[in-house]
Amino acid sequence: MGLVMPNPGTIFWMLIIFGIVFFILKKFAWKPILTALKEREDSIATALNSAEEAKKEVAGLKADNEKVIAEARREKEAILKEAKELKDKIVAEAKEKAGEEAQKTIAQARQQIEAEKTAAINDIKKQVAELSVSIAEKVIRKELSNKAEQEKMVDGLIDDIKLN
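Residues numbered from 1 in each chain as written. Predicted model: local features only at pLDDT ≥ 70, side-chain atom pairs only at ≥ 80, totals over all residues. Heavy atoms only, no water.

Asker: With reference to specific residues and values, describe the overall build of the protein.
Answerer: In terms of helices and strands, the protein carries 2 helices and 0 strands. The C-alpha radius of gyration computed for the protein amounts to 63 Å, which surpasses the reference 15 Å derived for 164 residues by more than 25%, pointing to a less compact arrangement than a globule. Along the longest, intermediate and shortest principal axes, the C-alpha atoms of the protein span 195 × 35 × 20 Å. Relative to its 164 residues, the protein shows a buried fraction of 2%. Carbon and sulfur atoms make up 63% of the accessible area of the protein, which totals about 15,300 Å². Positive and negative side-chain charges of the protein, numbering 29 and 29 respectively, have mean locations separated by a distance of 9 Å. (Helix = DSSP H or I, 4+ residues; strand = E, 2+ residues; numbered from the N terminus. Rg over C-alpha atoms; globule rule 2.2 N^0.38 Å. Buried < 20%, exposed > 50% of the residue type's maximum accessible area, 1.4 Å probe, protein only. Areas by Shrake-Rupley, 256 points an atom, 1.4 Å probe, with all protein chains shown as cover. Lys, Arg positive; Asp, Glu negative; His and termini not counted. Charge placed at Lys NZ, Arg CZ, Asp CG, Glu CD.)

Asker: Give a detailed account of a negative patch on the surface, specifying residues and quantitative values.
Answerer: A surface patch of like charges, here negative, comprises Glu 93, Glu 96, Glu 100 and Glu 101. Tracing the backbone shows Glu 101 in helix α1 (residues 8–141). (Patch = residues over 30% accessible without salt bridge, like charges linked within 9 Å, V, L, I, M, F, W, Y side chains within 5 Å. Salt bridge = Lys/Arg side-chain N within 4 Å of Asp/Glu carboxyl O.)

Asker: Run through the packing of aromatic side chains, naming residues and quoting values.
Answerer: Summed over the entire model, instances satisfying the criterion amount to 2 aromatic pairs. Both rings, one in Phe 12 and one in Trp 13, keep their centres 5.5 Å apart while their planes meet at 75°; by these two values the pair is edge-to-face. Pairing Phe 18 with Phe 22 gives two aromatic rings, centres 6.3 Å apart and planes at 20°, and the pair type is stacked. Highlighted residues: Phe 18 and Phe 22, both in helix α1, separated by 4 residues, approximately one helical turn. Relative accessible area serves as the criterion here: at 58%, Phe 18 is assigned to the exposed category. For Phe 22, a relative accessible area of 47% puts it in the partly exposed group. (Phe/Tyr/Trp six-rings, centres within 6.5 Å; stacked < 30°, edge-to-face > 60°.)

Asker: Now, about a nonpolar patch on the surface: what can you tell me, with residues and values included?
Answerer: On the surface, a nonpolar cluster with roughly 1,000 Å² of combined accessible area is contributed by Phe 12, Trp 13, Ile 16, Ile 17, Ile 20, Val 21, Phe 23, Ile 24, Leu 25 and Phe 28. Among the structural elements, Val 21 can be located in helix α1. By relative accessible area, which is 42% here, Val 21 ends up partly exposed.

Asker: Provide a residue-level description of the pattern of salt bridges, including the pertinent values.
Answerer: For the structure shown, the criterion picks out 3 salt bridges. With its nearest N and O atoms 3.9 Å apart, the salt bridge here joins Lys 38 to Asp 42. One end of the pair is Lys 38 and the other is Asp 42, both in helix α1 and 4 residues apart, which spans about a single turn. Residue classification places Asp 42 among the partly exposed positions, given a relative accessible area of 38%. For Glu 71, the salt bridge is made with Arg 74, and the minimal N-O distance between the two is 2.6 Å. One end of the pair, Glu 71, and the other, Arg 74, are both in helix α1, 3 residues apart, so they sit about a helical turn from each other. Looking at Glu 71, the relative accessible area reads 35%, which means it is partly exposed.

Rendered as structure tokens:
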């Protein structure tokens, strides 16, 4: 039981050794340990502040990025709208020009048809006049005394004309 029971001499020497160790630790180790702890605390605080500032900066950059994206979308929509309007304008102009060209072509075709019709009518009139003169000439050359022979000759000439 001697080990469990405190001996006043052992307690005395334990206190002296503890005091010496405490004095040595205080003199040589306590300040560097406290300084190291203080530096560690300061570096952690600085790192936390830096992290907080970085977080705020990232949030600000994210907001700026969203603004830039929104502005880019608005510009894209404006450009697409302008392109569509330009396309519609070009298509309308092309349709109008095509309509005008079609009208010009139709007018020219009508004029050409009218000119050909007039030429054909003039040609027919000329042929009728030539035939009339030819018939009259043949009737006059052949002096027929008989009316029946005249009618027979006119019928023969008409048949000749129908064949041509």
